[in-house]
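If you want the building blocks of each chain, they are given just below.
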Amino acid sequence: MNEQRKDILDMLAEGKITAEEAEQLIAALERDQSPVASGLTARPRGKAKYLRVVVEALENGEMGRVNIRVPLQLLRAGVQLAALIPPQALGKANAELNKSGVPFDLTQLKPEQLEAFVEHLDEMLVEIDQTDAKVRIFCE
Amino acid sequence: MPQLVTVRVKRPDRRPIRIWVPVLPAALVFAPIVILAVLGVVVACVVFHVDVVRALGTGWRIISALPGTRFDIEQDRTAVLVIIR
């Protein structure tokens with residue numbers, strides 16, 4: 001049982017709301033939750049093939065939309081390209097990152113780690129929901 | 001390898017532009033430029049001590065992985081769509 005449903009039942013038990021009001025609140029809660037739940041289970045279980053980035057934003061009264069689909073195979077190939085970067089270039093990149101306040105050592109980043117990261121991307125779901133913008137990053 | 005690149009541009013008060021680029025014929029037409037680019041990559045690899053075969057292999061893998069890529073951007077009645085098949 002989720003927290004909101006428990007709160008409603010508690011309010012009913014304490015006599016703060018009537019049974020009819022509790023039923024209406026629970027129905028409203030289910031309506032709110034169903035799109036999220038269906039969104040999470042909509043994708044058939046299996047190997048994801050694409051990384052999707054969907055952005056919908058309201059700017060100056062106009063609706064803007066970005067819909068990007070990138071094959072995960074392309075990310076894997078990109079990871080292999082990163083392994084070709086010469087050490088002196090990595091050293092320079094590290095120095096610039098340090099200068100910008102990001103103490104990150106790129107030489108410690110192994111291609112196997114990046115490949116493992118890409119492999120597990122299909123389990124990722126990022127959802128940002130604001131009044132004027134909505135961002136979804138997921139694999140399908 | 002990509003077969004077809006579709007580009008569609010919609011602008012307010014103008015006719016939408018749709019371009020279909022067949023990749024293989026386009027690559028054949030631009031073959032001299034492609035060969036020069038590959039030579040440039042080989043020289044850069046030699047200068048920076050990078051394995052030439054591995055670099056070209058990775059480049060080819062990236063090109064082969066492009067089909068299925070789609071960019072669709074819409075803002076203020078202006079829209080750009082790029083699909084690589």
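Residues numbered from 1 in each chain as written. Chains lettered and ligands numbered in written order. Predicted model: local features only at pLDDT ≥ 70, side-chain atom pairs only at ≥ 80, totals over all residues. Heavy atoms only, no water.

### Looking at the overall build of chain A
Put simply, the test is: A helix here means a DSSP run of H or I that spans at least four residues, while a strand means a run of E at least two residues long, and both kinds are numbered starting from the N terminus. With residues, only the protein chains shown are counted as cover, and all accessible areas are computed by Shrake-Rupley using a 1.4 Å probe.
In terms of regular secondary structure, chain A is built from five helices and four strands. Of the regular secondary structure in chain A, the N- to C-terminal order runs α-α-β-β-α-α-α-β-β. Accessible area of chain A: about 9700 Å², with a carbon and sulfur share of 57%.

### Observations regarding the environment of Gly59(B)
What counts, and what does not: A 1.4 Å probe rolled over the protein chains alone gives each residue an accessible area, and that area as a share of the maximum for its type sets the label: buried under 20%, exposed over 50%, partly exposed in between.
As for its placement among the helices and strands, Gly59(B) is situated in helix 3 (residues 52-64). Among the residues examined, Gly59(B) registers a relative accessible area of 24% and is labelled partly exposed.

### Brief notes about the UniProt feature "transmembrane region" (unreviewed entry) in chain B
So the rule is basically this: UniProt positions are given in the numbering used here, feature names are shortened, and annotations may be inferred rather than shown by experiment.
The feature "transmembrane region" (unreviewed entry), as given by UniProt, occupies residues 21-50 of chain B in the numbering adopted here. Between the C-alpha atoms that bound residues 21-50 of chain B the distance is 33 Å, and the span itself is 80% helix and 7% strand.

### Focus on the interface of chain B and chain A
What counts is decided by this rule: The contact rule is simple, with two residues in contact once any of their heavy atoms fall within 4.5 Å. Buried area: the sum, over both parts, of the accessible surface (1.4 Å probe) that disappears when the two are put together. The rule for a salt bridge is simple: a side-chain nitrogen of Lys or Arg has to be within 4 Å of a carboxyl oxygen of Asp or Glu. Counting of polar contacts relies on pairs of N or O atoms within 3.5 Å, with two restrictions inside protein: one atom must be capable of donating a hydrogen and the other of accepting it, and residues adjacent in sequence are counted only when both atoms are side-chain atoms.
Taken together, the 20 residues of chain B in the interface contact 21 residues of chain A. Where chain B abuts chain A, roughly 1900 Å² becomes buried across the two surfaces, and 57% of that area is made up of carbon and sulfur atoms. The interface formed by chain B and chain A holds two salt bridges in total. Put simply, Glu74(B) and Arg65(A) hold a salt bridge, and the shortest N to O gap is 2.7 Å. At the junction of chain B and chain A, the tally comes to five residue pairs in polar contact (both at pLDDT 80 or more). Among the elements of the structure, helix 3 and strand 3 (70-75) of chain B are those that each provide at least two residues to the side of chain B that touches chain A.

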